[in-house]
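Chain by chain, the residues:
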Amino acid sequence: VDQSTEQSQAKAKKETYTYIDLFKYKSLRNLTIIISVLFFLNNSLYFGTTFAVPYLSSIPTVYLTVALSISEGAGALFAAYIYPLTKRKTLTIACHIVCILACIPFLFIEVPKDCPTPGLCWQAWTQIILVSIVRITVLLTTTLFFIYCNEVYPTPVRSIGNGFTNIISRLGPAIVPLYVHFSADAGINPIFMFGLAIAPALIPCFFMKETKNLPLPDEIEEKKAPAVSFDKDDSTISWQSTEKVTE
């Protein structure tokens, strides 16, 4: 049995996996789709808050730039504190809900043209605070996905899964400028439109696997070997398979 186990492990080490394998096996396929969708939308919103700054024309750019910089630093510090304490799935859902709620008011709160500068008015300060909250929550989830990918993907495809989901996430910023221009031409605040776009991401959040404090998976679920148990009375070996050996 030991020899058979060693042979299976050696065979697994020799196997080469590609991006195709991320969709070949059901467990990897579902996982890859969920992470790709979440990564794509969150990365789009992360860069979208920057692209949307010029369209908040009633607010001086320096105020928004300083607010985004402060929220970036605050989010990074908060992430270092909260990641070890919070479950991945719970934090992702909470951040998405807060982000969506922070984007909705941009549809109703408009900065009046007679808003005094540089003193600003309450509408301007409200938008600055809300866009900072959006930036912090998106920073938390986007950074969390880098950790989550390493925790949820099995060892043989961990680097491939990381690479593929990162490629998908980079497609978001590529289309963000078009989305911002479309929102501005339609007379709708781009931040609100981003919140509207990210709302469907709540659905795949509920299908995430929890990985906090769990051991890293060593093998793809469909390729796990059946468990072996020994009967001490008659020295027989019984095989108990709880996983599918083939797709």
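Chemist: How should I be thinking about the packing of helix α5 (residues 88-103) against helix α6 (residues 122-152) in this particular structure?
Modeler: Two packed helices can be described by the angle between their axes and the distance between those axes. It is the contact of α5 with α6, at a shortest axis distance of 9 Å, that shows an interaxial angle of 155°. Looking at the two axes, α5 sits roughly antiparallel to α6. Relative to α6, the crossing made by α5 is left-handed. Judged by residue contacts, Arg-88, Leu-91, Thr-92, Cys-95, His-96, Val-98, Cys-99, Ala-102 and Cys-103 of α5 engage Leu-130, Ile-133, Val-134, Thr-137, Val-138, Leu-140, Thr-141, Leu-144, Phe-145, Ile-147, Tyr-148 and Glu-151 from α6. In terms of residue class, the contact of α5 with α6 is built from 15 nonpolar, 4 polar and 2 charged.

Chemist: Where do I start with the pattern of salt bridges in this structure?
Modeler: In a structure, side chains of opposite charge can pair up when their charged atoms sit close to one another. Summed over all chains, the structure comprises 3 salt bridges. The residue Glu-72 makes a salt bridge to Arg-135 at a minimum N-O spacing of 3.0 Å. Note that Glu-72 is positioned in helix α4 (residues 61-82) and Arg-135 in helix α6, a separation of 63 residues in sequence. When the shortest N-O distance is used, the salt bridge between Glu-221 and Lys-209 registers 2.9 Å. One end of the pair, Glu-221, is in the loop between α9 (202-205) and β1 (227-231); the other, Lys-209, is in the loop between α9 and β1, with 12 residues separating them in the sequence. Of the residues examined, Glu-221 reaches a relative accessible area of 31% and is grouped as partly exposed.

What counts, and where the lines are drawn
- Residues numbered from 1 in each chain as written.
- Predicted model: local features only at pLDDT ≥ 70, side-chain atom pairs only at ≥ 80, totals over all residues.
- Heavy atoms only, no water.
- Axes fitted to C-alpha atoms, helices over the stretch in contact; angles between N-to-C directions.
- Helix = DSSP H or I, 4+ residues; strand = E, 2+ residues; numbered from the N terminus.
- Parallel < 35°, antiparallel > 145°, perpendicular 65-115°, else oblique.
- Left-handed = near helix turned anticlockwise from the far one by under 90°.
- Contact = heavy atoms within 4.5 Å.
- Nonpolar A, V, L, I, M, F, W, Y, C, P; charged D, E, K, R; others polar.
- Salt bridge = Lys/Arg side-chain N within 4 Å of Asp/Glu carboxyl O.
- Buried < 20%, exposed > 50% of the residue type's maximum accessible area, 1.4 Å probe, protein only.

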